[in-house]
Amino acid sequence: MINKYLSNISWDFLSKLTIAIFLTLQLVRWVILPQYMDVYYHLLTAWGFLQSGGYSGWDFWQYAPVGRVHIYPPLFHLILSLFMKLGLSQVVLAKVSEILFPWLLLLVTWKFTRKNYSSRLAFFVTIMFFSSFAFYLSLLNHIPSTIALIFAVLSLGELLKNKLIRSAILLSLCFYTHIGVSVYLTIVFFILGIFSADKRKGILKVVIIAAVLAMPAVIKQLASLGSISALGYHLSGGYLLKLKFLEPLLALAGLAIAFRQRNRYALFLSLFISSFIFILYPNRFFCEEGYFALIFPSALTMDYLYTKIKLKYAVAGICAVILLFSPTLLLNLNHPKENWPPKVIFSDSAFAGMLFAKGQTLWFPNEYMEAASIIRENSKEGDIVFSTLNIAGLAVSSLSGRASANALLPEVREAHCFDPFLSSKIIIFTVIDEEDQVDNIVDFYKLSLIGKNKFFRIYKNTHSLVVNKVERVSIPFWLIFIWGLVLILLYKFVKNI
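Computed from a predicted model, the values in this text were never measured in an experiment. (Residues numbered from 1 in each chain as written. Predicted model: local features only at pLDDT ≥ 70, side-chain atom pairs only at ≥ 80, totals over all residues. Heavy atoms only, no water.)

**A few points about the overall build of the chain**
- Of regular secondary structure, the chain possesses 24 helices and twelve strands.
- Relative to the 2.2 N^0.38 estimate, which gives 23 Å for 497 residues, the radius of gyration of the chain is 24 Å and therefore close to what a compact globule would have.
- Structurally, the chain occupies a C-alpha span of about 80 × 55 × 40 Å along its principal axes.
- By residue count, 54% of the 497 residues in the chain fall in the buried class.
- Restricting to contacts in the chain with at least 6 residues of sequence separation, those with at least 24 account for 76%.
- With the model as given, the accessible surface of the chain reaches about 22,400 Å², and the carbon-plus-sulfur share is 67%.
- In the chain, 44 side chains carry a positive charge and 27 a negative one; their mean positions are 17 Å apart. (Helix = DSSP H or I, 4+ residues; strand = E, 2+ residues; numbered from the N terminus. Rg over C-alpha atoms; globule rule 2.2 N^0.38 Å. Buried < 20%, exposed > 50% of the residue type's maximum accessible area, 1.4 Å probe, protein only. Contact = heavy atoms within 4.5 Å. Areas by Shrake-Rupley, 256 points an atom, 1.4 Å probe, with all protein chains shown as cover. Lys, Arg positive; Asp, Glu negative; His and termini not counted. Charge placed at Lys NZ, Arg CZ, Asp CG, Glu CD.)

Here's what the structure looks like:
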């Protein structure tokens, strides 16, 4: 009776149910979102674009007033600036982004797998999406990376349909969204060409066309290499690794299956081999973007096991373990002796984490919005905000519509050294600052207290005469709109070459 039921399972129904549960749990987390710091960088960058009137190649809204080269691909910032121009609040945009894009990635990944492989394998892919809480959180934190992965899946889907122009356009959009994922996807294409001789010519056409379309972004990034330091590696979270027990074993078995059937599953091998590009950032390789490549071979193993009649129940048990537990080994490489033996987290699945609202939030609406209100009332456009806590400076700057002397992505250096206390009109201290140091700074710079709450003490530097300069736009919005319209028309009407 049970075997008859198992043979009549609607895999599409189970997948849609899983995807709906994912979205529901995302919506439940609305209150604690935005959960991470990166979104404030993107919001402030979008605000900078609005001040400039389009894309600016100079980041004048951070490290103000000296600024720095702006190297980050602009697509997500352009999307944010459009909705900000339409009047949507930064907080709502941040919350919607962290809810919507991870869910969209799951949705397009399921559709891709279902169309090109099977409904059953696609279901197991959706289950594996729930396996790692660290991977799930990275999708929230690294929104441009998540969007780029969406473009990557769509681009690969168009390639498999032999729609080369569409595949190339989507690949080029990766370059306008996230540097690391665009390089990763390009390597995927080349390795797939090695495994699949019949696709080699088409892949070469896709890469060449995408390279031409993405040339402005690539040239900008290459020209800015001299402004990048190695500091970003040390701040990348690479010392805190979350290593899974079960999923890597499933993935290794799946890779063996994929290699034996590489005519059909060459893409899974290509995704995994290419993921080693992230090894320079260990956390991204093991827990974040690199983990995406493990989803497919892990699902392939479960799909294979399910074909064995005696193992159907074992597969159901594996799914239950992954959804409810997914144990993780936590390694802190920064202090290995102090953290030995390593800690084991016995319930570290994305499903469990979402269900029980795990994860700390950096969003405290009363304190942040109150601070932003105080800043707007005591400053004007062109004034600069600085906080002793970097992320606090970016958050309140983006919410108050002021440039910041702080900056995220410290691997991109400021134009030259400067004194942020001397340059900034508003100085924000936090509750974690030492009292003596705060008093010394206040006395030295003759700062005036203008507001405080349980997180922040906000001072005004009445002696600062610095006004931040808005740089001339590099590419105006109207030209970006025309370029986007051309790409849309190409995508819609030119399906192949």
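Next, the rest of the story.
**Some words on the packing of helix H6 (residues 119-129) against helix H17 (residues 292-306)**
- In the contact formed by H6 and H17, the axes pass within 8 Å of each other and the chain directions differ by 130 degrees. Between H6 and H17, the angle falls in the class oblique. Judged by the twist between their axes, the crossing of H6 over H17 is right-handed. For the pair formed by H6 and H17, the contact residues are Arg120, Leu121, Phe124, Val125, Ile127, Met128 and Phe129 on the first element and Phe292, Ile295, Phe296, Ser298, Ala299, Leu300, Met302, Asp303 and Tyr306 on the second.
- Taken together, the residues that form the contact of H6 with H17 break down as 13 nonpolar, one polar and two charged. (Axes fitted to C-alpha atoms, helices over the stretch in contact; angles between N-to-C directions. Parallel < 35°, antiparallel > 145°, perpendicular 65-115°, else oblique. Left-handed = near helix turned anticlockwise from the far one by under 90°. Nonpolar A, V, L, I, M, F, W, Y, C, P; charged D, E, K, R; others polar.)

**Focus: the pattern of salt bridges**
- If you walk through the whole model with that rule in mind, you get ten salt bridges.
- The shortest N-O distance in the salt bridge between Glu367 and Lys454 comes to 3.8 Å. On the criterion of sequence distance, the pair formed by Glu367 in helix H20 (residues 365-377) and Lys454 in the loop between strand E10 (448-452) and strand E11 (456-460) is long-range, its members being 87 residues apart.
- Residue class for Lys454 comes out exposed when judged on its relative accessible area of 58%. (Salt bridge = Lys/Arg side-chain N within 4 Å of Asp/Glu carboxyl O.)

**What about the sheet that holds strand E5 (residues 328-332)?**
- Spatial strand order, E4-E5-E6: three strands in an open sheet with antiparallel pairing. The outermost strands of the open sheet, each flanked by one partner alone, are strand E4 (240-244) and strand E6 (343-345). Neighbour-to-neighbour, the strand axes of the sheet open up by a mean angle of 30 degrees, direction not taken into account.
- Inspection of the sheet shows E4 paired to E5 by five bridges, in the antiparallel sense. From the neighbouring strand, Lys242 faces E5, where its bridge partner is Leu330. (Pairing = 2+ DSSP bridges.)

**Describing the side chain of Ser81**
- For Ser81, the location among the structural elements is in helix H4 (residues 75-85).
- A polar side-chain atom of Ser81 sits 2.8 Å from the main-chain carbonyl oxygen of Leu78.
- Residues contacting Ser81, with those up to four places away along its chain left out, are Ala46, Leu50 and Phe477. (Polar contact = N/O pair within 3.5 Å; in protein donor to acceptor, adjacent residues only side chain to side chain.)

**Comments concerning a nonpolar patch on the surface**
- A cluster of nonpolar side chains, contributed by Trp30, Val31, Ile79, Leu82, Phe83, Leu86, Leu88, Val92, Val96 and Leu100, occupies part of the molecular surface with about 830 Å² of accessible area.
- Secondary-structure elements contributing two or more residues to the nonpolar patch are H4 and helix H5 (90-116).
- With respect to the helices and strands, Leu100 occurs in helix H5. (Patch = residues over 30% accessible without salt bridge, like charges linked within 9 Å, V, L, I, M, F, W, Y side chains within 5 Å.)

**Some remarks on the layout of surface pockets**
- Empty space within the second largest pocket amounts to approximately 1,300 Å³.
- Lining the second largest pocket are 44 residues, with Leu75, Leu78, Ile79, Ile480 and Gly484 positioned closest to its centre.
- A total of ten residues in the lining of the second largest pocket trace back to one element, the largest contributor, which is helix H24 (residues 477-493).
- Taken together, the residues of the lining of the second largest pocket break down into 36 nonpolar, six polar and two charged. (1 Å grid on protein atoms, 1.4 Å probe; cavity = no way out; pocket = protein on both sides within 12 Å on 5 of 7 lines; lining within 4 Å. Points joined across faces, edges and corners; volume = space filled by probe spheres on them.)

**Some points on the sheet that holds E10**
- Pairing within the open sheet is mixed, and its five strands lie in the order E8-E7-E9-E11-E10. If you trace the sheet from one side to the other, it starts and ends with strand E8 (403-404) and E10, each paired once.
- Pairing analysis gives two bridges linking strand E7 (residues 384-387) to E8, with the strands arranged parallel. Bridged to Ile384 within E8 is Ala403.

**Quick notes on the packing of helix H14 (residues 246-260) against H17**
- Across the interface, H14 lies against H17 with an axial gap of 7 Å and an inter-helix angle of 80 degrees. The angle between the axes of H14 and H17 places the two elements in the roughly perpendicular class. Residues Glu247, Leu250, Ala251, Ala253, Gly254, Leu255, Ile257 and Ala258 of H14 form the contact with H17, whose participating residues are Leu294, Pro297, Ser298, Leu300, Thr301, Met302 and Tyr304.

**As for the confidence of the model for the chain**
- A residue-level look at the chain finds 93% of positions with pLDDT of 70 or above and a mean pLDDT of 91.
- Below pLDDT 50 for its whole length, residues 231-238 participates in 15 contacts with residues either more than four positions away or in separate chains. (pLDDT = per-residue confidence, 0-100.)

**Some remarks on unusual backbone geometry**
- A cis amide bond, omega 0 degrees, links Leu33 with the succeeding residue Pro34.
- Within the secondary structure, Pro34 sits in the loop between helix H2 (11-28) and helix H3 (38-52).
- Omega for the peptide link from Ala64 to Pro65 comes to 10 degrees, which places this bond in the cis form.
- Considering the arrangement of structural elements, one finds Pro65 in the loop between strand E2 (58-59) and strand E3 (68-69).
- In this structure, Asn162 takes a positive phi of about 65 degrees despite not being glycine.
- Summarising the element assignment, Asn162 is placed in the loop between helix H8 (143-160) and helix H9 (164-175).
- Of note, the phi angle at Lys446 is positive, near 55 degrees, even though the residue is not glycine.

**Regarding a negative patch on the surface**
- Judged by side-chain charge, Glu434, Asp436, Asp439 and Asp443 come together as a negatively charged surface patch.
- With respect to the helices and strands, the residue Asp443 is situated in helix H23 (residues 435-445).
- Looking at Asp443, the relative accessible area reads 58%, which means it is exposed.

**Description of the packing of aromatic side chains**
- Within the structure shown, the criterion is met by 37 aromatic pairs.
- With centroids separated by 4.8 Å and ring planes inclined at 80 degrees, the aromatic side chains of Phe364 and Phe455 adopt a geometry described as edge-to-face. Placement of Phe364 in the loop between helix H19 (350-355) and H20 and of Phe455 in the loop between E10 and E11 is noted, with a sequence separation of 91 residues between them.
- Counting every residue linked through ring pairs, the aromatic cluster contains Phe22, Phe129, Phe130, Phe133, Phe135, Tyr136, Tyr291 and Phe351.
- In this arrangement the basic side chain of Arg166 is found over the ring face of Tyr491, its NZ or CZ atom lying 4.6 Å from the centre.
- When the ring centre of Phe259 is taken as origin, the NZ or CZ atom of Arg262, which lies over that ring, is 4.3 Å away. (Phe/Tyr/Trp six-rings, centres within 6.5 Å; stacked < 30°, edge-to-face > 60°. Lys NZ or Arg CZ within 6 Å of the ring centre and 35° of its normal.)

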